[in-house]
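Single-letter residue listing:
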Amino acid sequence: MRRPLVAGNWKMNGSKEASSALLKGILAGADAAVSDIAVCPPAILIPLAAEKLAGSKVAWGGQNLNANESGAFTGEISGGMLKDYGCTYVLVGHSERRTLYGEDDALVAQKFGVAQQAGLMPILCIGEILQERESGNTEAVVARQLDAVLDTHGIGAFENSVIAYEPVWAIGTGKTATPEQAQDVHRFIREKLAALSDGIASDLRILYGGSMNGGNANELISQDDIDGGLIGGASLKADEFLKICNAAA
Ligand code: 13P
């Protein structure tokens, strides 16, 4: 039985004050929530999250890491540094990293491995852009993104990871994939991995991300292969985020 996970990706939002209030609000409802919960604040707010969340049910993680362990990479943060601040998770290959910062499949695969070496659980983000969906290429795109990691690290690496299917056209647009559209891709992902290892595929949590909110979470998360959510905008409001955590039944 896969335990649902709801993870908040705060993106580049927040301040010390606003984040303290948000964490306090999340903590107020966390124990009663049905899902596992995680938040991924901007890196500079991770020490604050670590301080506020220590000993609670809520885990925390990074939004990105560098593909190297250390060295002359000005402005970058390593997996070891995230681990040092108690991170459980790190997002890898978020569509904004892929599109805005030129991260290709090979770099994403490298980061996936480096995250695991540092003792973090990568949340591998995959998904198609609108044009790819409209031209019938969704499965090919998702397969290519998965293959980059499979070819480098093998199916065994997925034992210690989470996948987030985030159709790029649904991110921050208010345009959610229908539960059927999302389920179809989630099933495709699980079946592709099951062809390599049934056990790993059936234990793997596959989250949906893209305009998920308190109103549509139930229907999405009740699909067979949707095991929670990766939440952007709605993770910045404690009440809304907790509604999603309670939809994860
Ligand atoms: P929104 O929930 O704001 O659409 O963002 C989704 C996302 O990109 C989470 O990583």
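The shown structure was predicted, so the numbers you read here are calculated from the model rather than taken from an experiment.

**Q** How should I be thinking about the pairing of strand β3 (residues 58-62) in this particular structure?
**A** Residues in a regular strand point their side chains to alternate faces of the sheet. β3 sits mainly inside the fold: five of its five residues count as buried. The alternating pattern of β3 places Val58, Trp60 and Gly62 on one face and Ala59 and Gly61 on the opposite face, and all of these are buried. Both strand β2 (residues 36-40) and β3 contribute to a ladder of three bridges, which runs parallel. Bridging from a neighbouring strand, Val39 pairs with Trp60 of β3. Running through helix α2 (residues 46-53), the crossover from β2 to the neighbouring parallel element β3 is right-handed. By the bridge criterion, two bridges tie β3 to strand β4 (residues 89-92) in an arrangement that is parallel.

**Q** Help me understand the site of the ligand, please; the structure alone is not making it clear to me.
**A** Lys11, His94, Gly172, Ser211 and Gly233 are the nearest of the 13 residues found near the ligand. Side-chain polar atom of His94 to an oxygen atom of the ligand: 2.8 Å apart, as the coordinates give it. A distance of 3.0 Å is found between an oxygen atom of the ligand and a side-chain nitrogen or oxygen belonging to Glu166. Its residues assigned to classes, the shell around the ligand comprises four nonpolar, seven polar and two charged.

**Q** In this structure, what is going on with the packing of helix α1 (residues 16-30) against helix α11 (residues 238-247)? I would like to understand it.
**A** How two helices pack is summed up by the angle between their axes together with the distance between the axes. Taken N-terminus to C-terminus, the directions of α1 and α11 make an angle of 35 degrees; their axes are 9 Å apart at the nearest point. The crossing of α1 and α11 is right-handed. Across from Leu22, Gly25, Ile26, Gly29 and Ala30 in α1, the residues of α11 making contact are Ala238, Phe241 and Leu242. Its residues assigned to classes, the contact of α1 with α11 shows six nonpolar, two polar and no charged.

**Q** It is not clear to me how the nonpolar core should be interpreted in this structure. Could you clarify?
**A** Soluble, globular proteins show a tendency: their nonpolar side chains are buried together. Core analysis: the biggest nonpolar cluster contains 62 residues, and Val39, Leu124, Phe158, Ile163, Ile189, Leu193 and Tyr208 have the highest contact counts within it. Residues within four places of Ile163 in sequence aside, it is in contact with Leu124, Ile126, Leu146, Phe158, Ile189, Leu193, Leu204, Arg205, Ile206 and Leu207.

So, how was this worked out
Residues numbered from 1 in each chain as written. Predicted model: local features only at pLDDT ≥ 70, side-chain atom pairs only at ≥ 80, totals over all residues. Heavy atoms only, no water. Buried < 20%, exposed > 50% of the residue type's maximum accessible area, 1.4 Å probe, protein only. Helix = DSSP H or I, 4+ residues; strand = E, 2+ residues; numbered from the N terminus. Pairing = 2+ DSSP bridges. Right-handed = clockwise from strand over helix to strand, strands pointing away. Near = heavy atom within 4 Å. Polar contact = N/O pair within 3.5 Å; in protein donor to acceptor, adjacent residues only side chain to side chain. Nonpolar A, V, L, I, M, F, W, Y, C, P; charged D, E, K, R; others polar. Axes fitted to C-alpha atoms, helices over the stretch in contact; angles between N-to-C directions. Left-handed = near helix turned anticlockwise from the far one by under 90°. Contact = heavy atoms within 4.5 Å. Core = buried A, V, L, I, M, F, W, Y, C linked by side-chain atoms within 4.5 Å.

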